[in-house]
Amino acid sequence: MITLYDMPESGNSYKVRLAAAHLGRPLRRVRMSSRDGSTRTPEFLARNPIGKLPTVELEDGRCLAESNAIMLYLAEGTPLLPTDRYDRAKAYEWLFFEQYSHEPAIAVRRALLTYAERAALATPERMVQLLEAGNKALGVMEARLAAHDWLAGDAFSVADIALYAYTHTAEEGGYDLAPFPAVRAWLARVAALPGHIGLLD
Ligand SMILES: N[C@@H](CCC(=O)N[C@@H](CS)C(=O)NCC(=O)O)C(=O)O
């Protein structure tokens, strides 16, 4: 069985758990945190030199990091990865968008507001800038979802899991989802799928 080095409240770790749940694939979970030094131990750095969660250890002992890479590994050959070449490339497009334009605003603003030890980093200028960047990312999702049920192609995929992970907790980062009705409808659609699990399940 694959071992997941897991941070329960982190959307990045949740992506892996949610993808595995949809695939009916059990994971052995090792609870860790970016906040208690456990990602800085020599044992963990041997598995992932960048010291970040999630990281997985495969059955043969090889390790893999980066939430979206791990999801792609799990999704290979399953309905979570579109078979059509263009739709698959669009799924990758959303994964890169998530890492560059969405998570660095929406996840970071949530961490600044909810992790007490990061409060000093939440300067007014930074919070405004993160709010603007996150709203821009939500606007990009809204434009797609206003006309389509799913982000890539016509079926639920790794793209939806990657974007769901931090969009569904965006309000904890101070984002107002009222101006994004198609995003809200999509969040409900994802949560209603058979196999869905919550962040803290
Ligand atoms: N791009 C990475 C980001 C992973 C990441 O930043 N993980 C955080 C928790 S959400 C972490 O482990 N931080 C530990 C540290 O920076 O020491 C991914 O998608 O997996």
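Just above, that's the structure.
Computed from a prediction, not measured in an experiment: that's the story for all the values here.

What counts, and where the lines are drawn
Residues numbered from 1 in each chain as written. Predicted model: local features only at pLDDT ≥ 70, side-chain atom pairs only at ≥ 80, totals over all residues. Heavy atoms only, no water. Helix = DSSP H or I, 4+ residues; strand = E, 2+ residues; numbered from the N terminus. Expected span 1.5 Å × (residues − 1). Buried < 20%, exposed > 50% of the residue type's maximum accessible area, 1.4 Å probe, protein only. Contact = heavy atoms within 4.5 Å. Polar contact = N/O pair within 3.5 Å; in protein donor to acceptor, adjacent residues only side chain to side chain. Pairing = 2+ DSSP bridges. Axes fitted to C-alpha atoms, helices over the stretch in contact; angles between N-to-C directions. Core = buried A, V, L, I, M, F, W, Y, C linked by side-chain atoms within 4.5 Å. Domains from an automatic or database assignment.

Enquirer: Is there a simple way to explain helix 1 (residues 11-22) in this structure?
Expert: Residues three or four positions apart in an α-helix share a direction because the helix packs 3.6 residues into each turn. Here helix 1 is 12 residues long and its end C-alpha atoms lie 16 Å apart, about the 16 Å a rise of 1.5 Å per residue gives. In terms of burial, helix 1 is largely enclosed, as 11 of its 12 residues are buried. Within helix 1 the residues assigned to the buried category are Gly 11, Asn 12, Ser 13, Tyr 14, Lys 15, Val 16, Arg 17, Leu 18, Ala 19, Ala 20 and His 22. In the core, the buried residues of helix 1 are packed alongside strand 1 (2-6), strand 2 (27-31), strand 3 (55-57), helix 3 (67-75), helix 4 (85-114) and helix 6 (158-167). Two to three positions downstream of the cap, the backbone nitrogen of Asn 12 sits 3.1 Å from a side-chain oxygen, assigning the N-cap of helix 1 to Ser 10. Directly after helix 1, the chain includes Gly 24, whose backbone phi takes a positive value near 65°.

Enquirer: Whenever I open this one, the sheet that holds strand 3 confuses me. Can you help?
Expert: Sheets are built from strands that pair by backbone hydrogen bonding, the pairs being arranged parallel or antiparallel. If you walk across this open sheet you meet the four strands as 2-1-3-4, and the pairing is mixed. Single-partner strands in this sheet number two, and they are strand 2 and strand 4 (63-65). In this sheet, adjacent strand axes meet at a mean angle of 25° when their direction is disregarded. On the sheet, helix 1 packs against strand 1, strand 2 and strand 3 and is oriented at approximately 150° with respect to strand 1. Most of the contacts of helix 3 go to strand 4, to which it runs at about 125°, and overall it touches strand 1, strand 3 and strand 4.

Enquirer: Even after reading the chapter, I still don't get the nonpolar core, so can you show me in this structure?
Expert: A general tendency of soluble globular proteins is for nonpolar side chains to be buried together. Judged by nonpolar contacts, the single largest core of 43 residues is most densely connected at Trp 94, Met 141, Val 158, Leu 163 and Trp 186. Elements supplying a minimum of two residues to this core: helix 1, helix 3, helix 4, helix 5 (124-145), helix 6 and helix 7 (181-191). For this core, the two domains that each supply at least three residues are domain 1 (2-75) and domain 2 (85-191). Sequence-distant contacts of Leu 163, that is, excluding residues within four places in its chain, are made with Trp 94, Phe 97, Glu 98, His 102, Met 141, Leu 151 and Trp 186.

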